[in-house]
Amino acid sequence: MFSSSASHPVHRRMFPTVRVSFSGPLRQVTPADRYVVLLDVVPVDNRRYRYAYHRSAWLVAGKADPPPPARLYAHPDTPLGADALRKQVISFEKVKLTNNEMDKNGQIVLNSMHRYQPRIHLARLGPGQNIPITPKELAEVDHKTYVFPETIFTAVTAYQNQLITKLKIDSNPFAKGFRDSSRLTDFDR
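Residues numbered from 1 in each chain as written. Predicted model: local features only at pLDDT ≥ 70, side-chain atom pairs only at ≥ 80, totals over all residues. Heavy atoms only, no water.

Some words on unusual backbone geometry
Of note, the amide linkage connecting Thr78 to Pro79 takes the cis form, showing an omega dihedral of 15°. Along the polypeptide, Pro79 turns up in the loop between β6 (73-74) and α1 (82-86). Despite not being glycine, Met113 shows a phi value in the positive range, around 70°. Positionally, Met113 belongs in the loop between β9 (108-109) and β10 (115-125). By relative accessible area, Met113 is classed as buried at 14%. (Helix = DSSP H or I, 4+ residues; strand = E, 2+ residues; numbered from the N terminus. Buried < 20%, exposed > 50% of the residue type's maximum accessible area, 1.4 Å probe, protein only.)

Points about the nonpolar core
Residues Val37, Leu85, Phe92, Ile108, Leu110 and Ile120 are the most contacted members of the largest nonpolar core, which totals 23 residues. Mapped by element, the contributors of at least two residues to this core are β3 (34-43), α1 and β10. Here this core gets four residues from one element, more than from any other, and that element is β3. Counting seven residues, the second-largest nonpolar core is a separate cluster that includes Val36, Ala123, Leu125 and Val141. (Core = buried A, V, L, I, M, F, W, Y, C linked by side-chain atoms within 4.5 Å.)

Description of the packing of aromatic side chains
Given two aromatic rings, one states the distance between the centres and the angle between the planes to describe the pair. Enumeration over the complete set of coordinates arrives at five aromatic pairs. Ring plane angle 65° and centroid distance 6.0 Å describe the contact between Tyr73 and Phe92, whose orientation is recorded as edge-to-face. Residue Tyr73 is located in strand β6, and its partner Phe92 is located in the loop between β7 (90-91) and β8 (96-98); the two are separated by 19 residues in the primary sequence. Side by side, Tyr73 and Phe92 carry an identical accessibility label, which is buried. Through a chain of ring-to-ring contacts, the aromatic side chains of Tyr51, Tyr53 and Trp58 assemble into a single cluster. The cationic tip of Arg115 hangs over the ring face of Tyr49; the distance from NZ or CZ to the ring centre is 5.8 Å. Sitting over the face of the ring of Tyr146, Lys144 holds its NZ or CZ atom 5.7 Å from the ring centroid. (Phe/Tyr/Trp six-rings, centres within 6.5 Å; stacked < 30°, edge-to-face > 60°. Lys NZ or Arg CZ within 6 Å of the ring centre and 35° of its normal.)

The structure is reproduced here in structure tokens:
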């Protein structure tokens, strides 16, 4: 989920967090090969949505806005060797989402009220190969893409349900600003 104030560009951490682990054999061409784990978020369809309160449902509201620039987020603890990668859970808790297409901080740009699918890419980097930072560069290295359909979400600028707002405040360690009692409604208190 992605939430923010509707009138200004925002930068929020993705919640819940995407976490992955890898096991089994990894293709290693040379002993020096390292693995980088990347995340991107792609549109699910070409539609824009709206929330119908009376139905408690998301409805198609028209054609999608032009897609924002595609970005890859490389996990900051990678690249890793094969053994180190197998021993670690890769958590994308630091990835930030924004609705600001002019963002220069490497955050993933999303359009509000659109549906998205996070994807995980595991790329093998041989000696002298750099971490890919664009989809084109990713296509040029040996990689595998993983998609988990249960992670599809709708990007929003405000949660459509007070219970979801409360869940995020109670469960998300990065929502501490919302716990400030001067900003809470009677319901949230």
